[in-house]
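# Observations on the three-dimensional arrangement
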Amino acid sequence: MAAVSLSTSVSKLKLASPVILASGILDLNAGLMKRVASSGVGAITTKSIGLNARKGNPNPTIVEVYDGLLNSMGLCNPGIEEFKKELDELKGVKIPVIGSVYAGSPKEFSLVAGKMAECNVSAVELNVSCPNVSKGEKFGEAIGKNPKLVAEVVKAVKSKVRKLVIVKLTPNVSDIAEIALSAEKAGADALTAVNTFGPGMAINIDARKPVLGNKFGGLSGPAVKPLALACVYKISEKVKIPVIGCGGIASGRDVVEFLMAGAKAVEVGTAAYLKNIEVFNRINREIAGFMQKNKFKKIEDMVGLAHR
Ligand SMILES: Cc1cc2nc3c(=O)[nH]c(=O)nc-3n(C[C@H](O)[C@H](O)[C@H](O)COP(=O)(O)O)c2cc1C
């Protein structure tokens, strides 16, 4: 069989595999991240970290639904100063680490992204897309749904951070390409599309009440894959900066779909949560098998093919 290369790049980020661990899964401490780092992934993304510690939403915060998960974690994290210690422990890790951050304003974003960029990370991912925050809070989606605010956040971060800046978009908008363009114009180096869909809900009919402590949550996993794929396709028609696809990816064929829609790499979350870290090497093998069968030598050769 002809040799194929799984290596790809997202701007200046060089990846040995296009498959990246998505933020929020198996990534809240150094021990977990080290395990994932040796499981075939091209890079790992950290849990989204804020300026201060945050408890998150009341339990239960995760429920399995048909072909996916609903989660209402609510950005629980130890705060950047505490999380620095975890990142320090990752010094020997050979693959890139992407530090995910969230904040409530452009100024706070530049502060926390600046602190993250001082750590052992190759890039920062700006989470302007978390749906699981309370009404009135200006975190997450409240920013990501507003093209002007997204631009302000990106400009503030880019004025402070020299490392790669990736903006993670919410799909819960009427025109995701408009938000993507706004991030690009403001100087984003790359985009991740997308965060969870929602709000979604599950009801325990025996208890006669919502399953999640927070009532509502964001939907992820195979159920959202066609929707996430359409987001990547639409964005790729509009922007020149690299796009990282995310949403429902669980197999090598799923990855190839996202590449053909225009993504240069992908993030995988729910599949790793449900099937553990073995998924990454399996997905790599499946991508390589598809490439050999179809005579693709490198990842780049498949990127955007569905647009022609
Ligand atoms: C339990 C859980 C926690 C998550 N936490 C975060 C987070 O902290 N930051 C973030 O940007 N996305 C978070 N996400 C969203 C994922 O990174 C990803 O965008 C989404 O789940 C879609 O991909 P998937 O279908 O492969 O999971 C979380 C998802 C899940 C299921």
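The text that follows walks through the structure, step by step, so that each part is easy to find. These figures come from a predicted structure and were not determined experimentally. (Residues numbered from 1 in each chain as written. Predicted model: local features only at pLDDT ≥ 70, side-chain atom pairs only at ≥ 80, totals over all residues.)

## Section: the pairing of strand β10 (residues 190-193)
By the alternation rule, side chains of β10 split into A190 and T192 and L191 and A193, which are all buried. Alignment of strand β9 (residues 164-169) against β10, held across four bridges, turns out to be parallel. The residue of β10 that forms the bridge with V167 is L191. As for the winding sense of the linkage, the β-α-β connection from β9 through helix α6 (residues 176-185) to β10 is right-handed. Here β10 runs beside strand β15 (residues 243-246); their pairing, made up of three bridges, is parallel. Bridging from a neighbouring strand, A193 pairs with G245 of β15. (Buried ≥ 20, exposed ≤ 12 C-beta atoms within 10 Å, placed from the backbone. Helix = DSSP H or I, 4+ residues; strand = E, 2+ residues; numbered from the N terminus. Pairing = 2+ DSSP bridges. Right-handed = clockwise from strand over helix to strand, strands pointing away.)

## Focus: unusual backbone geometry
What is expected of a backbone is that most residues other than glycine have negative phi and most peptide bonds are trans. Cis rather than trans, the peptide bond between A193 and V194 has omega equal to 20°. Residue placement: V194 occurs in the loop between β10 and β11 (197-201). In this chain, G198 is followed by P199 through a cis amide linkage whose omega measures 5°. By the element assignment, P199 lies in strand β11. Positive phi is not limited to glycine here, since K215 has a value of about 70°. Of note in this structure, K295 is not a glycine but carries a positive phi near 60°. Tracing the chain through its elements places K295 in the segment after α10 (278-293).

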